[in-house]
Amino acid sequence: MARLLFLSLLLHLFKSAISVHEQALTTPPLPILPLPSYSQLKWQQREIIMFLHFGVNTFTDREWGDGRESPKIFNPSGLNAGQWAEVAVEAGVSLMILTAKHHDGFCLWPSKYTEHSVIGSTWENGKGDVVREFVSATSAQGIDAGLYLSPWDRHDSRYGHDILYNEYYLAQLQELLNQYGEVREIWFDGAKDPKAENVTYYFTEWFSMVKELQKSINIFSDAGPDVRWVGDEQGYASDTCWSLINRTSLSIGNPDITNYLNTGDPKGTDWVPAECDVSIRPGWFWHKSESPKSLTQLLDIYYNSVGRNCLLLLNVPPNTTGLISDIDAQRLKQFHSAITTVFQKNIAAEEDCSVTVSSQRGGKQGGFGPENMLDSDHLWTYWAPEEEGREEYWVEIRGRNNGSVRFNVVRVQEAIGLGQRIQRHEIYVDGKLVIRGTTVGYKRLHRIEGGVVDARVVRIRISESRGLPLISSIGLHFDPFWHSKFTAGFRE
Ligand code: FUL
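This is a predicted model, so every value here is computed, not measured.

## A closer look at the side chain of D277
Consideration 1: Within the secondary structure, D277 sits in strand β9 (residues 274–279).
Consideration 2: For D277, which is buried and forms no salt bridge, the nearest opposite charge comes from R228, at a distance of 11 Å.
Consideration 3: Only 3.1 Å separates the side chain of D277 from the side chain of W229, close enough to count as a polar contact.
Consideration 4: Setting aside its immediate chain neighbours within four residues, D277 contacts W187, W229, D232, E233, Q234, G235, W284 and L313.

Here is the structure:
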């Protein structure tokens, strides 16, 4: 009898242990390396950054100064960096990057290591500091500042003498990163004097110094280490775009790497997402004769940069007065409001569509269900399929009460905090293939080429992935600005 009692006690203990286990949450899946750093994740969420090309070229009407410009010509009669920051905020931008020095060597701050700067200018009798005004204006508006310091200096005679020039460059880097508060991105332009083949930029020393001086900074150069160039200056990323590359096999400044940087590398061991730099005008600097791109052009750039897992670095150059021209500011506002119009409503969420998935990790109570793809967290809540035994991964969206949904844009986002995974995906509308895509990453936007569709069932199928696909957000949207060139629909 005592034995029986003992056995039933054991059974009871075992059962309660199991039920405690059942109540505990299913753990998140393991990440797949490489992963973004905290600063890279924050950077990715910005989506659009503003670039400001400003300097002596603004006054000479040139794109590349030769370094022989007199500092006296720099005289922005009504410079107001507060206006730049206001324009940025109105455009939904949270980081602005200023060209502290372009290839002509003229410094927008009073550097102690040269006289070729605002010190020699007419502006504020040589007592001004544009970098100071810029960082004060961004912080007054609660946004972040970044700086561009051109490695190519066409003015300074030390350029071409390796040690002397690298010392000079590092000295200026220290001035900029020590004296102006927090800097969130530093831009190392890849341009180099084509005749100065022997000039070596000491990138390793520069990058180490940057990380020593600033804790939350992202370093941009052609091949990273934190942010890479996308390989063109038109604002268009490649259709396939990994945030992964192999940095060790790259040599910075080598033109052959352009294609590699364009697509990234699914086997890459380093997380180095791509940035698409483009100017709102034909030139990087302000020219009286030029005007900003149309809204249609800007939206096209947005879909092909942000919508292809990249950041859009949009240049909006201040004019000779020292202000962003009204026409540019208005265009930016229009651009921002168009993006809001398209994406503030997720039809899949707001029209009570039913969303089902091929399987879900931990079953219905696991915490990784389809509802995670419709909430406002686009990083840390996500749909995860079951670990094993499934070869098919899909998400299906059906209209409420078997009705239809009307849209012309599909948005898919991966939970990149656990690595970039999706290699291939397709979208079907009522059983018909309408989109074939490759990578997704932080954000993938597809405009339907056939125009607006009324669909009963939309299926997003993940056909190839590095490990299990993890989707943090999906959206069906209506873009009233999108007029497809094609009317006949998708051709396979
Ligand atoms: C290029 C430069 O030569 C252009 O003037 C501009 O600054 C652009 C962003 O990068 O390499």
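## Details of the domain arrangement of the protein chain
Consideration 1: Looking at the assigned domains, one finds that the protein chain contains domain 1 (38–343) and domain 2 (347–477).
Consideration 2: Its C-alpha centre places domain 1 at a distance of 35 Å from the equivalent point of domain 2.
Consideration 3: Both faces combined, the contact of domain 1 with domain 2 buries some 1,900 Å², and carbon together with sulfur accounts for 57% of it.
Consideration 4: Between domain 1 and domain 2 we count three salt bridges in total.
Consideration 5: For D239, the salt bridge identified is with R444, shortest N-O distance 2.7 Å.
Consideration 6: For the interface between domain 1 and domain 2, the tally reads 13 residue pairs in polar contact (both at pLDDT 80 or more).
Consideration 7: Those elements that provide at least two residues to the side of domain 1 that touches domain 2 are α2 (38–46), α9 (295–305) and α10 (326–343).

## Observations regarding the packing of helix α6 (residues 162–179) against helix α7 (residues 203–213)
Between two packed helices, what matters for the description is the angle formed by their axes and the separation of those axes.
Consideration 1: At their nearest, the axes of α6 and α7 sit 10 Å apart, and the two run at 20° to each other. The pairing of α6 with α7 is recorded here as roughly parallel in orientation. Relative to α7, α6 is oriented so that their crossing is right-handed. Facing α6, whose interface residues are N166, Y169, L170, L173, Q174, L177 and N178, α7 presents E205, W206, M209, V210 and L213.
Consideration 2: For the contact of α6 with α7, the residue count by class is eight nonpolar, three polar and one charged.

## Some remarks on the site of the ligand
Consideration 1: The local shell around the ligand consists of F51, H53, W64, H102, H103, Y148, D189, A191, E233, D277 and W284.
Consideration 2: The separation between an oxygen atom of the ligand and a polar side-chain atom of H53 is 2.7 Å.
Consideration 3: Between H103 and the ligand, the recorded distance is 2.8 Å, taken from a side-chain N or O atom to an oxygen atom.
Consideration 4: When the ligand is considered free in solution it has 290 Å² of accessible area, and contact with the protein chains removes 92% of it.
Consideration 5: Among the residues forming the shell around the ligand, the class breakdown is five nonpolar, three polar and three charged.

## Concerning the sheet that holds strand β20 (residues 471–477)
Consideration 1: Taken in spatial order, the three strands line up as β17-β14-β20 in an open sheet, and their pairing is antiparallel. Two strands bound the open sheet, and with one partner strand each, they are β17 (444–447) and β20. Going across the sheet, the axis of each strand differs from the next one's by a mean of 10°, ignoring polarity.
Consideration 2: The pairing of strand β14 (residues 409–414) with β17 spans four bridges and is antiparallel.

## Regarding the packing of α9 against α10
Consideration 1: With their axes 10 Å apart at the nearest point, α9 and α10 run at an angle of 55° to one another. The angle between α9 and α10 falls in the class oblique. Relative to α10, α9 is oriented so that their crossing is right-handed. Touching L295, L298, L299, Y302 and Y303 of α9 are R331, Q334, F335, A338, I339, V342 and F343, all from α10.

## Describing the packing of aromatic side chains
Consideration 1: If you walk through the whole model with that rule in mind, you get 29 aromatic pairs.
Consideration 2: The interplanar angle of 80° and the centroid separation of 5.7 Å between the aromatic rings of F54 and W84 together place this pair among those described as edge-to-face. Placement of the pair is F54 in the loop between β1 (48–52) and α3 (56–60) and W84 in helix α4 (residues 81–90), with a sequence separation of 30 residues. For the pair F54 and W84, one class covers both residues: buried.
Consideration 3: For the ring pair F74 and F106, a centre distance of 5.2 Å and an interplane angle of 45° mean the geometry is tilted. On the criterion of sequence distance, the pair formed by F74 in the loop between α3 and α4 and F106 in the loop between β2 (95–101) and α5 (130–140) is long-range, its members being 32 residues apart.
Consideration 4: The exposure class assigned to F106 is buried, which follows from its relative accessible area of 2%.
Consideration 5: What links up through ring pairs into an aromatic cluster is the set Y159, Y165, Y168, Y169, F188, Y201, F203, W206 and F207.
Consideration 6: The lysine or arginine in question, R158, covers the ring of Y168, its NZ or CZ lying 3.9 Å from the ring centre.

Conventions adopted
Residues numbered from 1 in each chain as written. Predicted model: local features only at pLDDT ≥ 70, side-chain atom pairs only at ≥ 80, totals over all residues. Heavy atoms only, no water. Helix = DSSP H or I, 4+ residues; strand = E, 2+ residues; numbered from the N terminus. Buried < 20%, exposed > 50% of the residue type's maximum accessible area, 1.4 Å probe, protein only. Lys, Arg positive; Asp, Glu negative; His and termini not counted. Salt bridge = Lys/Arg side-chain N within 4 Å of Asp/Glu carboxyl O. Polar contact = N/O pair within 3.5 Å; in protein donor to acceptor, adjacent residues only side chain to side chain. Contact = heavy atoms within 4.5 Å. Domains from an automatic or database assignment. Buried area = accessible area lost by both parts, 1.4 Å probe. Axes fitted to C-alpha atoms, helices over the stretch in contact; angles between N-to-C directions. Parallel < 35°, antiparallel > 145°, perpendicular 65-115°, else oblique. Left-handed = near helix turned anticlockwise from the far one by under 90°. Nonpolar A, V, L, I, M, F, W, Y, C, P; charged D, E, K, R; others polar. Near = heavy atom within 4 Å. Areas by Shrake-Rupley, 256 points an atom, 1.4 Å probe, with all protein chains shown as cover. Pairing = 2+ DSSP bridges. Phe/Tyr/Trp six-rings, centres within 6.5 Å; stacked < 30°, edge-to-face > 60°. Lys NZ or Arg CZ within 6 Å of the ring centre and 35° of its normal.

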